[in-house]
Amino acid sequence: MAGSTILYLTKADVLECLPPVERRLELADYAMASLANGNCLMPPKPELMTRVEPEGAFHALPAFFRDRDIAGCKWSCTFAANPPRGLPSVSALIILSDPDTGFPLCVMDGTLVTAHRTAAVSGVSIKRMAPRRVGKVAIWGAGFQARTHLEVLCATIPGFPLWVYDSDAARLEDYAAWAGEQAGVSEVHKGGSVAETLQGADVAITATTVHNPGDPYVVPGMLGTDCLLLPLEWNLQVPASTAKEASLFLVDDRAEFTYYRDQADRLAMVAFKDYPDPHETIGEAVARCLSRETRPDGLIVSCALGTGAADVSAASEVYQNARKRAVGTTLAL
Ligand SMILES: NC(=O)c1ccc[n+]([C@@H]2O[C@H](COP(=O)([O-])OP(=O)(O)OC[C@H]3O[C@@H](n4cnc5c(N)ncnc54)[C@H](O)[C@@H]3O)[C@@H](O)[C@H]2O)c1
């Protein structure tokens, strides 16, 4: 009976039901456009900090899409101290609910959806805002996001030389070997430092978890003139001055960005409070059909803080695939 059971999807189930990369990019386009045109209802995600050092944070990311009757929420945790414990820094669960009755329909592991939807949202920017000629892609931090992002880079701007840097030598080695096997990557270089890795990059992605003593902050002079810079960890490696110097500074959701910037002191994200107002959102750039041909010259900084909209649109497709393929375990409520 409706409302008496839920479908439970493990990480392996989610992997089996993940849509292909092209479809993930479409879902991310839809999520970003829906945020911009009001089709998606999404309050800024509340944050609960557990400790100051080492940092741990919980977020709740709800979203509701009016045109497709999709409602859901992700409970997400980011713990920078996890990698040395042999654990990923990000963990998450997603609940999807029936918009007619409010009852839960599905609970699924959210780590894969998080990793893939984040890369897909970056893909929305890469497709439209990478410079016309990409002679170098740089990734700082060779973890999970670096892998999902490489798949998206290969799908959107194939044929690029990749430079990658990680402070963990074993991770860097593993990642470089894996990256070298991906069709779409023309060559792989292991950077000896952050500065060497980012120098002259046309697309640069920062996907780290801590600012190590001695790490430089990413400033425009380090990058290619028309670089597309995608900082995944907010203001950790990219100072406000860089966003201020950009010819275009975008965020995924204006209300969420402002909410966090207003609370920068409370959240100990001091550098964040100096960030400028975004010129536009990624969804607004989609709506005005910004393209690699029409993008402005100069540095573009596209900062996606991570939205429930992107999670729920991707998770809903996973759920529908699971239903069609009879994947998952039905549990009583
Ligand atoms: N914006 C979003 O929507 C979103 C979503 C998910 C994750 N994130 C963020 O992306 C970042 C990466 O996530 P992940 O899942 O890939 O994490 P991960 O733990 O799998 O990988 C991080 C990698 O970065 C390396 N690293 C950390 N700090 C470094 C430094 N200062 N210099 C060099 N290497 C460094 C680690 O050794 C590790 O290999 C995290 O900060 C996470 O919070 C953002």
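Bear in mind that the values here come from a model prediction, so they are computed numbers and not experimental data.

**Considerations on the domain arrangement of the protein chain**
Next, step 1: Domain boundaries in the protein chain define domain 1 (5-113 + 309-332) and domain 2 (121-306).
Next, step 2: Using only C-alpha atoms to locate each centre, domain 1 and domain 2 end up separated by 23 Å.
Next, step 3: Of the residues lining the interface, 21 residues belong to domain 1; the matching set on domain 2 comes to 22 residues.
Next, step 4: For the side of domain 1 that touches domain 2, the leading source of residues is helix 2 (residues 21-37), giving 10 residues.
Next, step 5: Along the lines of polarity and charge, the residues of the side of domain 1 that touches domain 2 split into 15 nonpolar, two polar and four charged.

**Points about helix 2**
Next, step 1: Over its 17 residues, helix 2 extends 24 Å from the first C-alpha to the last, a length consistent with the 24 Å expected when each residue adds 1.5 Å.
Next, step 2: Judged by how many residues are buried, helix 2 sits mostly within the fold: 12 of 17 residues are covered.
Next, step 3: Among all positions of helix 2, only Arg24, Leu25, Leu27, Ala28, Asp29, Tyr30, Ala31, Met32, Ala33, Ser34, Leu35 and Ala36 are buried.
Next, step 4: Gly38, located one to two residues past helix 2, shows a positive phi value of around 85°.

**Some remarks on the nonpolar core**
Next, step 1: Judged by nonpolar contacts, the single largest core of 101 residues is most densely connected at Met32, Ile139, Val203, Leu229 and Val318.
Next, step 2: Tallying contributions element by element places helix 2 first for this core, with nine residues.
Next, step 3: Here this core spans two domains, since at least three of its residues come from each of domain 1 (5-113 + 309-332) and domain 2 (121-306).
Next, step 4: Aside from chain neighbours lying at most four places away, what touches Val318 is Leu9, Val14, Cys17, Leu18, Met108 and Val113.

**Digging into the pairing of strand 11 (residues 203-206)**
Next, step 1: The alternating pattern of strand 11 places Val203 and Ile205 and Ala204 and Thr206 on opposite faces, both of which are buried.
Next, step 2: Taken together, the four bridges between strand 8 (residues 137-140) and strand 11 define a ladder with parallel strand orientation. Counted as the bridge partner of Trp140 is Thr206 from strand 11.
Next, step 3: Of the strand pairs in this sheet, strand 11 and strand 12 (residues 228-231) are connected by four bridges, and their pairing is parallel. If you follow Val203 over to strand 12, its bridge partner there is Leu228.

**With respect to the site of the ligand**
Next, step 1: If you check the shell around the ligand, you find 30 residues, and the closest are Gly141, Gly143, Gln145, Glu233 and Gly306.
Next, step 2: Secondary structure elements with two or more residues in the shell around the ligand: helix 3 (111-129) and helix 4 (144-156).
Next, step 3: For the shell around the ligand, the element with the highest residue contribution is helix 4, accounting for three residues.
Next, step 4: The residue inventory of the shell around the ligand, partitioned by class, reads 12 nonpolar, 13 polar and five charged.
Next, step 5: Here the shell around the ligand gathers at least three residues from each of two domains, domain 1 (5-113 + 309-332) and domain 2 (121-306).

**Description of the sheet that holds strand 8**
Next, step 1: Pairing in this open sheet of eight strands is parallel, and the strands run 10-9-8-11-12-15-13-14 from one edge to the other. The open sheet is flanked by strand 10 (185-190) and strand 14 (280-281), the only strands paired with a single partner.
Next, step 2: Relative to strand 10, strand 9 (residues 160-165) runs parallel, the two being bridged by five bridges. The residue of strand 10 that forms the bridge with Leu162 is Val188.
Next, step 3: Packing against the sheet, helix 5 (residues 169-179) makes contact with strand 9 and strand 10, and its axis sits at approximately 170° to strand 9.

**Points about helix 4**
Next, step 1: Here helix 4 contains 13 residues, and its C-alpha end-to-end distance of 19 Å stays within 8% of the 18 Å for a straight helix at 1.5 Å per residue.
Next, step 2: Of all the positions in helix 4, only Gln145, Ala146, Thr148, His149, Leu150, Val152, Leu153 and Thr156 are classed as buried.

Calculation rules
Residues numbered from 1 in each chain as written. Predicted model: local features only at pLDDT ≥ 70, side-chain atom pairs only at ≥ 80, totals over all residues. Domains from an automatic or database assignment. Contact = placed C-beta atoms within 7 Å. Helix = DSSP H or I, 4+ residues; strand = E, 2+ residues; numbered from the N terminus. Nonpolar A, V, L, I, M, F, W, Y, C, P; charged D, E, K, R; others polar. Expected span 1.5 Å × (residues − 1). Buried ≥ 20, exposed ≤ 12 C-beta atoms within 10 Å, placed from the backbone. Core = buried A, V, L, I, M, F, W, Y, C linked by C-beta atoms within 7 Å. Pairing = 2+ DSSP bridges. Near = placed C-beta within 6 Å. Axes fitted to C-alpha atoms, helices over the stretch in contact; angles between N-to-C directions.

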